[in-house]
Amino acid sequence: AALRAVGPLHLACPVRLRRDNPAASGWRLGDGSLARPADLAQLSAATALVWLDADTDCATGHGPGDARLALPLALQRAGVAEVIDSLWPLPAAATAALQAAFAAARQANAGCTATALQQARAAVRARHPHPAIWAAPCLIGGQPAQRL
């Protein structure tokens, strides 16, 4: 598929994980092609932030050790500055709520991803207090959050 820059990029598609070479791993796109970390980093507007859907990690069949961080780190090595990954699978509605709150908070905080993620989790936590719903997304890379 022809990838084009669209701003922050959300990947919610199956993964092909190469434990021996994470840079050769990739996300299977709708047309069957494989988007590797270096492909994503070439998108000028998308290099700032990639959000990995929790289902993406479930598809890897990752096990113990460093495999859990293989794809986010491969993205960073390829030039992506910030990666939001999930520590466990989330229902689609929870992901949508987190991303909507995140987008609004990021715009309000001049693009500070850490602060926006912190505020998005707080907003979702106010409606859904169980941490299984709001605590999964974590930021890898980027700048520290501003004090709330």
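Residues numbered from 1 in each chain as written. Predicted model: local features only at pLDDT ≥ 70, side-chain atom pairs only at ≥ 80, totals over all residues. Heavy atoms only, no water.

Asker: Help me out: how do you make sense of the overall build of the chain in this one?
Answerer: Scanning the chain for helices and strands turns up 6 helices and 7 strands. Along its sequence from the N terminus, the chain presents helices and strands in the succession β-β-β-β-α-β-α-α-β-α-α-α-β. Burial status across the chain gives 43% buried among its 148 residues. Across the chain, contacts joining residues at least 24 apart in sequence account for 67% of those joining residues at least 6 apart. Within the structure as shown, the chain displays about 7500 Å² of accessible surface, and the carbon and sulfur contribution to it stands at 56%. (Helix = DSSP H or I, 4+ residues; strand = E, 2+ residues; numbered from the N terminus. Buried < 20%, exposed > 50% of the residue type's maximum accessible area, 1.4 Å probe, protein only. Contact = heavy atoms within 4.5 Å. Areas by Shrake-Rupley, 256 points an atom, 1.4 Å probe, with all protein chains shown as cover.)

Asker: Explain the pattern of salt bridges to me, please; I cannot follow it from the model alone.
Answerer: Pairs can form between side chains of opposite charge once their charged atoms are near each other. Applying the stated criterion across every chain yields a total of 1 salt bridge. In this structure, the salt-bridge partner of Glu82 is Arg106, at a minimum N-O distance of 4.0 Å. Placement of the pair is Glu82 in strand E6 (residues 82–86) and Arg106 in helix H4 (residues 92–108), with a sequence separation of 24 residues. For the pair formed by Glu82 and Arg106, the shared burial category is buried. (Salt bridge = Lys/Arg side-chain N within 4 Å of Asp/Glu carboxyl O.)

Asker: Looking at this structure, how should I read the nonpolar core?
Answerer: Soluble globular proteins tend to pack their nonpolar side chains together in the buried interior. Formed by 17 residues in total, the largest nonpolar core has its most connected members in Leu11, Trp27, Leu40, Val50, Leu52, Leu75 and Val83. Of all elements in the fold, only strand E1 (9–11), strand E5 (49–52) and helix H3 (70–77) reach the threshold of two or more residues within this core. In this structure, Leu49, Trp51, Leu117 and Val124 belong to the second largest nonpolar core, which totals 16 residues. (Core = buried A, V, L, I, M, F, W, Y, C linked by side-chain atoms within 4.5 Å.)

Asker: Explain the environment of Leu11 here, please?
Answerer: Looking at the element boundaries, Leu11 is found in strand E1. By relative accessible area, Leu11 is classed as buried at 6%. Placed 41 residues apart in sequence, Leu11 and Leu52 show a C-alpha to C-alpha distance of 5.1 Å.

Asker: Is there a simple way to think about the sheet that holds strand E7 (residues 137–141) in this case?
Answerer: Where strands meet in a sheet, backbone hydrogen bonds hold them as pairs that are either parallel or antiparallel. Pairing within the open sheet is mixed, and its 4 strands lie in the order E1-E5-E6-E7. Across the chains shown, the open sheet's two edge strands, defined by having one partner strand only, are E1 and E7. If you compare each strand with its neighbour and ignore which way they point, the axes differ by 20° on average. By the bridge criterion, 3 bridges tie E1 to E5 in an arrangement that is parallel. Among the inter-strand pairings, Leu9 is bridged to a residue of E5, identified as Val50. Together, E1, E5, E6 and E7 form the strand contacts of H4, whose direction differs from that of E5 by roughly 165°. (Pairing = 2+ DSSP bridges. Axes fitted to C-alpha atoms, helices over the stretch in contact; angles between N-to-C directions.)

Asker: Sorry if this is basic, but what is going on with the side chain of Thr95 here?
Answerer: With respect to the helices, strands and loops of the structure, Thr95 is situated in helix H4. A relative accessible area of 8% means that Thr95 is categorised as buried.

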